[in-house]
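Close look at the chain arrangement
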Amino acid sequence: MCPDHGNEGILDVEYDYEMIRQSISPRLLANNKMCNQWRYRAILPVLPDTPAPPLSVGWTPLYNASRLGRTMGLSSLWVKDDSRQPTGSLKDRASALAVMKAREAGASVITTASTGNAAAALAGMCAADGMPCVIFVPQTAPRAKVAQLLAYGAHVFLVEGSYDDAFELCLEAAAEFGWYNRNTGFNPYMAEGKKTVAYEICEQLDWQCPDRVFVGVGDGCIISALHKGFFDMLRLGWINKLPKLMGVQSTGSDFMYQAWKAQADPVTFPPIKANTLADSISAGLPRDRRKAMNSVSQTDGAFLRVSDDAILKAIPELAQTTGVFAEPAGATPLAGLHAAMADGLIETNEKVVLLVTGSGLKDVDATIRTCSTEATVIPPSLAAIKSSMPNI
Ligand SMILES: *Cc1c(COP(=O)(O)O)cnc(C)c1O
């Protein structure tokens, strides 16, 4: 953090692009057989001999979603599937880097506050690496999410209070006990890990940069990381423009949308009360709001908001047209694309990428709510099938 600005002053990592250009390029990458995010290690803030945790992070598939694109009237639609990460969300990109930075700092314990994917990602990376971690979650955290943490062997404290109470306690504990602090909205290296998704998108598109990328926005770290990644590539001459970044929020958690619409300074804009079933993008006061606002305004993008109903509908739509099963926050970009199409924001020949940030298996209850069409109960006989034969 900037000593003069405290929590408002999350630092940014700067690079010597001239030097980096010597060791990594699209041509060199074409011969690099490493199928994880460390293929971009030359543009990541880690020392040359720091070992990466052994789980394979990154190089997730980018699917050509032509069938979904056709139904929406788009000629070039792509789905970047980060539900395929080792612990089921894009957060693994950041947590892998956290473990490495903790090792470099000589720390022997890592900590974070989170109710969800960031904690799971940290717990998984630490388990793979053999590093202990301490997680602070509000006592009300969903049991399934706490179970994933415990399965990975994390030390979990259920804090009697809100997420903000857990966050504050985590900061205090990190300072008191010398633990390495992975919190989003505190640790600038987290965006550095997450930016690798932007490199992958461009490399997988043969360095033809997309026109737009849609992403769900809560704290605003992922959209800021996309911005950083595309900016790096522009500076390195790998691409010749930035895509428009489209930040999608739930109407129940629309701080960034409101501040953007009002053309207000997000730093002084008043917090809202967040209430959305897309828990991974629920944030009353997004901790990376300044960078998130810059990401949209500096790429000529937009913030959009969609209802929880629209988010829920997007889960089976995405699953049925692409085979990719997302948690609510991961299907939110598709709901946002629908909203942008309805508003006439998009030309039909634009190249659009939807970033699916988390797996549907993270939040089975949400899926049960969306797939209301009941399965048919039958006795075990062919006759029973014939009498209720599906129309296929
Ligand atoms: C964390 C997360 C987001 C939102 O990222 P922010 O950096 O908080 O904006 C979106 N989707 C999933 C699945 C996440 O875990």
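Above this note sits the structure.
Attention here is on the structure that accompanies the text. Everything quoted here is computed from the prediction, not taken from an experiment.

In this structure the tally under the stated criterion is 15 salt bridges. Among the salt bridges present, the one from Glu18 reaches Arg21, with a minimum N-O distance of 2.7 Å. Of this pair, Glu18 and Arg21 both sit in helix H1 (residues 17-23), three residues apart, which is roughly one turn of that helix. With a relative accessible area of 33%, Arg21 lands in the partly exposed category. In this structure, the salt-bridge partner of Asp232 is Lys195, at a minimum N-O distance of 2.8 Å. Taken together, the residues Asp232 in helix H10 (residues 221-236) and Lys195 in the loop between helix H8 (189-194) and helix H9 (196-204) connect sequence positions 37 residues apart. There is no split in this pair, since Asp232 and Lys195 are both buried. Because the salt bridges share partners, they merge into one network encompassing Asp12, Glu192, Lys195, Lys228 and Asp232.

Looking now at the sheet that holds strand S9 (residues 302-306). Overall, mixed pairing links the six strands, which are arranged S1-S2-S10-S7-S8-S9 in an open sheet. Strand pairing shows two members of the sheet lacking a second neighbour, strand S1 (62-64) and S9, which therefore form its edges. In this sheet, neighbouring strand axes are inclined to one another by 25° on average, regardless of whether the strands run parallel or antiparallel. As paired strands, strand S7 (residues 212-216) and strand S8 (residues 244-250) are joined by five bridges and run parallel to one another. Residue pairing for S8: Phe214 is matched across the bridge by Met246. Packing against the sheet, H9 makes contact with S1, strand S2 (76-81) and strand S10 (351-356), and its axis sits at approximately 135° to S2. Contacting S2, S7, S8, S9 and S10, helix H14 (residues 328-342) runs over the sheet at an angle of about 130° to S7.

Attention now moves to the packing of aromatic side chains. The final tally for this structure, using the stated rule, is eight aromatic pairs. Three or more aromatic residues joined by ring pairs make a cluster, and in this case those are Tyr40, Tyr199, Trp207 and Trp238. Over the ring of Phe167 we find Arg287, and its NZ or CZ is 3.7 Å from the ring centre.

Taken together, 15 residues surround the ligand, and among them Lys91, Asn117, Gly218, Gly220 and Thr357 come closest. Between the ligand and Gly218 there is a distance of 2.7 Å, counted from an oxygen atom to a backbone nitrogen or oxygen. A distance of 2.8 Å is found between an oxygen atom of the ligand and a backbone nitrogen or oxygen belonging to Asp219. Taking 380 Å² as the accessible area of the ligand by itself, protein coverage stands at 96%.

So, on to the sheet that holds strand S6 (residues 180-181). Spatially, S5-S4-S3-S6 is the arrangement adopted by the four strands of the open sheet, whose pairing is parallel. The two strands at the open ends of the sheet, each matched to only one other strand, are strand S5 (155-159) and S6. Bridge count between strand S3 (residues 110-113) and S6: two bridges; the pairing is parallel. Note that in S6 the partner of Ile110 across the bridge is Tyr180.

Take the nonpolar core next. If you look at the biggest cluster of nonpolar residues, it comprises 43 residues, and the most contacted ones within it are Leu226, Phe230, Met233, Trp238 and Phe303. For this core, the secondary structure elements donating two or more residues are H1, H9, S7, H10, helix H11 (255-261), helix H12 (289-297) and S10. Among the elements that take part in this core, H10 stands out by supplying six residues, more than any other. When neighbours within four sequence positions are excluded, Phe303 is seen to be in contact with Val217, Gly247, Met256, Tyr257, Trp260, Ala292, Met293 and Val296.

Here the focus is a negative patch on the surface. Judged by side-chain charge, Asp165, Glu168, Glu172 and Glu176 come together as a negatively charged surface patch. Relative to the assigned elements, Glu168 resides in helix H7 (residues 163-177).

Looking now at the packing of helix H5 (residues 117-129) against helix H6 (residues 143-151). Across the interface, H5 lies against H6 with an axial gap of 8 Å and an inter-helix angle of 15°. Overall, the two elements H5 and H6 adopt an arrangement that is roughly parallel. Note on packing geometry: the crossing formed by H5 with H6 is left-handed. Residues Asn117, Ala119, Ala120 and Ala123 of H5 pack against Lys145, Gln148 and Leu149 of H6.

Looking now at the pairing of S5. When strand S4 (residues 133-138) meets S5, the two strands line up parallel, connected through five bridges. Of the residues in S5, the one forming a bridge with Phe136 is Phe157.

This paragraph deals with the environment of Ser56. Structurally, the position occupied by Ser56 is in the loop between helix H2 (26-30) and S1. Looking at Ser56, the relative accessible area reads 47%, which means it is partly exposed. Distance from Ser56 to Leu171, taken between C-alpha atoms, is 29 Å for residues 115 residues apart in sequence. The residues contacting Ser56, other than those within four sequence positions of it, are Cys35, Asn36, Gln85 and Pro86.

The rules behind these values
- Residues numbered from 1 in each chain as written.
- Predicted model: local features only at pLDDT ≥ 70, side-chain atom pairs only at ≥ 80, totals over all residues.
- Heavy atoms only, no water.
- Salt bridge = Lys/Arg side-chain N within 4 Å of Asp/Glu carboxyl O.
- Helix = DSSP H or I, 4+ residues; strand = E, 2+ residues; numbered from the N terminus.
- Buried < 20%, exposed > 50% of the residue type's maximum accessible area, 1.4 Å probe, protein only.
- Pairing = 2+ DSSP bridges.
- Axes fitted to C-alpha atoms, helices over the stretch in contact; angles between N-to-C directions.
- Contact = heavy atoms within 4.5 Å.
- Phe/Tyr/Trp six-rings, centres within 6.5 Å; stacked < 30°, edge-to-face > 60°.
- Lys NZ or Arg CZ within 6 Å of the ring centre and 35° of its normal.
- Near = heavy atom within 4 Å.
- Polar contact = N/O pair within 3.5 Å; in protein donor to acceptor, adjacent residues only side chain to side chain.
- Areas by Shrake-Rupley, 256 points an atom, 1.4 Å probe, with all protein chains shown as cover.
- Core = buried A, V, L, I, M, F, W, Y, C linked by side-chain atoms within 4.5 Å.
- Patch = residues over 30% accessible without salt bridge, like charges linked within 9 Å, V, L, I, M, F, W, Y side chains within 5 Å.
- Lys, Arg positive; Asp, Glu negative; His and termini not counted.
- Charge placed at Lys NZ, Arg CZ, Asp CG, Glu CD.
- Parallel < 35°, antiparallel > 145°, perpendicular 65-115°, else oblique.
- Left-handed = near helix turned anticlockwise from the far one by under 90°.

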